[in-house]
Amino acid sequence: MISRKGKVAGWGVAAMLLSLAPCMAATNFYVRGDGLGLDTYAGTNWATAFRTIQKALASVPFNTQTVIRVQATGAGEAGDYDVAQRVDPYHADYANPYVMDIVLEGGYTNIGVAPARGGVSVICDLDGSVSEAGLEINKGLWPLTVRVSGFQIRDVTHGIKLTQTSGADYSPVCLTLNDTDIAAFNTGVWIEYTQSYGSHGGAQLTATNVNIAAGQGGSGDGVYIKGAWAGTCIAASGTDARTGLPRVSSITSAGGGGLYFVDTATTSPRADTAAFSSLVVHGCASNGICMDSLSVSPAQATLDHCTIADNGGDALRLISRTAPSWAAITNSIFANNGGHGVSLESTNSVFTCSEAYSDFYNDDVLVSGSVKALHATDAAGDPQFLA
């Protein structure tokens, strides 16, 4: 259904995507880097696998979920894989959808006998000097959904960069990232959907068991999101096989902040919510977490079992001018940050902050310009981190 302005009518993305369900059949592509794959092959099984991730990405059709399975890097398996990019034009066609849904699965071992996911696949810039992102997709009209797991991405400018910069309605960009390590010269994860209508979709990240080290060769944030980030979540689960301890996700940037979110919506807002658990943000040049909802959207953050320490700026900084905006913090550590432990900024006192069973060492809690007394269950002692 099209409005008189040529935009998808306001009853939303859900109805549009449901109408596409019959044509969203699955397509599988395979990539192997052990010398037996060729980009001239069909790529539809391990025997006819592509050689490069670039070929598989370029072959992804619209309106079908495409699973790309990649052989693991390592002895007896494959070597490193070169970077991959795809740029699609702006498809100004509302009658014929151009939805893109990609699942990128790394770490397949033993592919000649009984393929199983037991390793990781390494992506890096193999063309000499580091000048390209590890995985980059620029999409025009229609949604872009990408799921990445089982990779190590290193020696790249940006780790993963997903953008939709045309401002097209109802064309959100969503990334799910699991069991992946990123070491980037600039930004680790970059997601952008430049849209002035907050209700028309956003730029969203869901991440579990990730380690991101950014700013290793210049400026850049661990995670940069430009757009309505509603529903973004970073967490960890399971047990670390090396230590026997519960897993955590970690983010650092020597050339910027840990996480920097900025909403571009100026009308039709929805709450910018984010949830963080079992997350360590440390050693960043500027803020650990900074979330700026600009003018119309409430900013809301939930932190549980997080550690934000040794960052150059504030540990947690939220900026909003719209209620209800808040931070809810439990079982977390804020230590030795260069600014405030928590800084909730507004010009009209829209923020509230609740914190409990947390430690604020050399860090305070600032709400709308006033220092807040800590909860009775909080502490202010040295957490005595292990080296």
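Nothing here was measured: the structure is a model prediction, and the numbers come from that model.

Q: If you had to explain the sheet that holds strand E23 (residues 316-319) to someone new, which residues and values would you point to?
A: Spatially, the eleven strands line up as an open sheet ordered E3-E7-E10-E12-E14-E17-E20-E23-E26-E29-E30, and their pairing is mixed. Edge positions in the open sheet fall to strand E3 (84-87) and strand E30 (370-371), since each of these has one partner strand only. Two elements, E3 and strand E7 (residues 135-138), share four bridges in a ladder whose sense is parallel. Opposite Arg86, over in E7, you have Ile137 as the bridge partner.

Q: Run through the side chain of Ser249, naming residues and quoting values.
A: One can find Ser249 in strand E16 (residues 249-253). For Ser249, a relative accessible area of 0% corresponds to the buried category. Here the side chain of Ser249 touches Asn209 through a polar contact of 3.1 Å, landing on its backbone nitrogen. Within the structure, the side chain of Ser249 is placed 2.6 Å from the backbone oxygen of Ala235, a separation counted as a polar contact.

Q: Talk me through the pattern of salt bridges; I want residue IDs and the actual numbers.
A: Applying the stated criterion across every chain, the model contains eleven salt bridges. Residues Glu355 and Lys372 are paired through a salt bridge, measuring 3.1 Å at the closest nitrogen-oxygen approach. Placement of the pair is Glu355 in strand E27 (residues 351-356) and Lys372 in the segment after E30, with a sequence separation of 17 residues. Several salt bridges converge on common partners, so that one network encompasses Asp80, Arg154 and Asp155.

Q: Which residues make up the pairing of strand E24 (residues 325-330), and what are the values?
A: By the alternation rule, side chains of E24 split into Ser325, Ala327 and Ile329, which are all buried, and Trp326, Ala328 and Thr330, of which none is buried. By the bridge criterion, five bridges tie strand E21 (residues 299-304) to E24 in an arrangement that is parallel. When the sheet's bridge partners are listed, Leu303 is paired in E24 with Ile329. Sheet topology note: the E24/E27 ladder contains six bridges and is parallel. When the bridges of E27 are listed, Ala328 appears paired with Ser354.

Q: Give me the nonpolar core: which residues, what numbers.
A: Counting 73 residues, the largest nonpolar core has Leu175, Leu177, Phe276 and Leu303 as the members making the most contacts within it. Every residue in contact with Leu177, bar those within four places of it in the chain, is listed here: Val148, Ile160, Ile182, Val189, Leu205, Thr206, Ala207, Thr208 and Val210. Of all hydrophobic cores here, the second largest spans five residues; its members include Tyr30, Ala49, Tyr108 and Ile111.

Q: An account of the packing of aromatic side chains is needed here, citing residue identities and associated values.
A: Considering all chains together, one arrives at eight aromatic pairs under this definition. An angle of 90° between the planes, with centres 5.4 Å apart, marks the rings of Trp190 and Tyr224 as edge-to-face. Highlighted residues: Trp190 in strand E12 (residues 189-193) and Tyr224 in strand E14 (residues 223-226), separated in sequence by 34 residues. Each member of the pair, Trp190 as well as Tyr224, is classed as buried. Between Phe334 and Phe360, the aromatic rings sit 4.9 Å apart at their centres with planes inclined by 10°, giving stacked as the arrangement. Pair noted here: Phe334 is in strand E25 (residues 333-335) and Phe360 is in strand E28 (residues 359-361), with a separation of 26 residues, a long-range link. Exposure remark for Phe360: the relative accessible area of 2% places this residue in the buried category. An aromatic cluster is defined as three or more aromatic residues linked by ring pairs; in this entry it consists of Tyr30, Trp46 and Tyr108. Between the NZ or CZ atom of Arg86 and the centre of the ring of Phe62, over which it lies, the distance is 5.4 Å. It is Lys161 that lies over the ring of Trp190; its NZ or CZ is 4.0 Å from the centre.

Q: Tell me about the pairing of E21, residues and numbers included.
A: Inspection of the sheet shows strand E18 (residues 272-277) paired to E21 by six bridges, in the parallel sense. The partner of Asp272 across the bridge, within E21, is Ala299.

What counts as what
Residues numbered from 1 in each chain as written. Predicted model: local features only at pLDDT ≥ 70, side-chain atom pairs only at ≥ 80, totals over all residues. Heavy atoms only, no water. Pairing = 2+ DSSP bridges. Helix = DSSP H or I, 4+ residues; strand = E, 2+ residues; numbered from the N terminus. Buried < 20%, exposed > 50% of the residue type's maximum accessible area, 1.4 Å probe, protein only. Polar contact = N/O pair within 3.5 Å; in protein donor to acceptor, adjacent residues only side chain to side chain. Salt bridge = Lys/Arg side-chain N within 4 Å of Asp/Glu carboxyl O. Core = buried A, V, L, I, M, F, W, Y, C linked by side-chain atoms within 4.5 Å. Contact = heavy atoms within 4.5 Å. Phe/Tyr/Trp six-rings, centres within 6.5 Å; stacked < 30°, edge-to-face > 60°. Lys NZ or Arg CZ within 6 Å of the ring centre and 35° of its normal.

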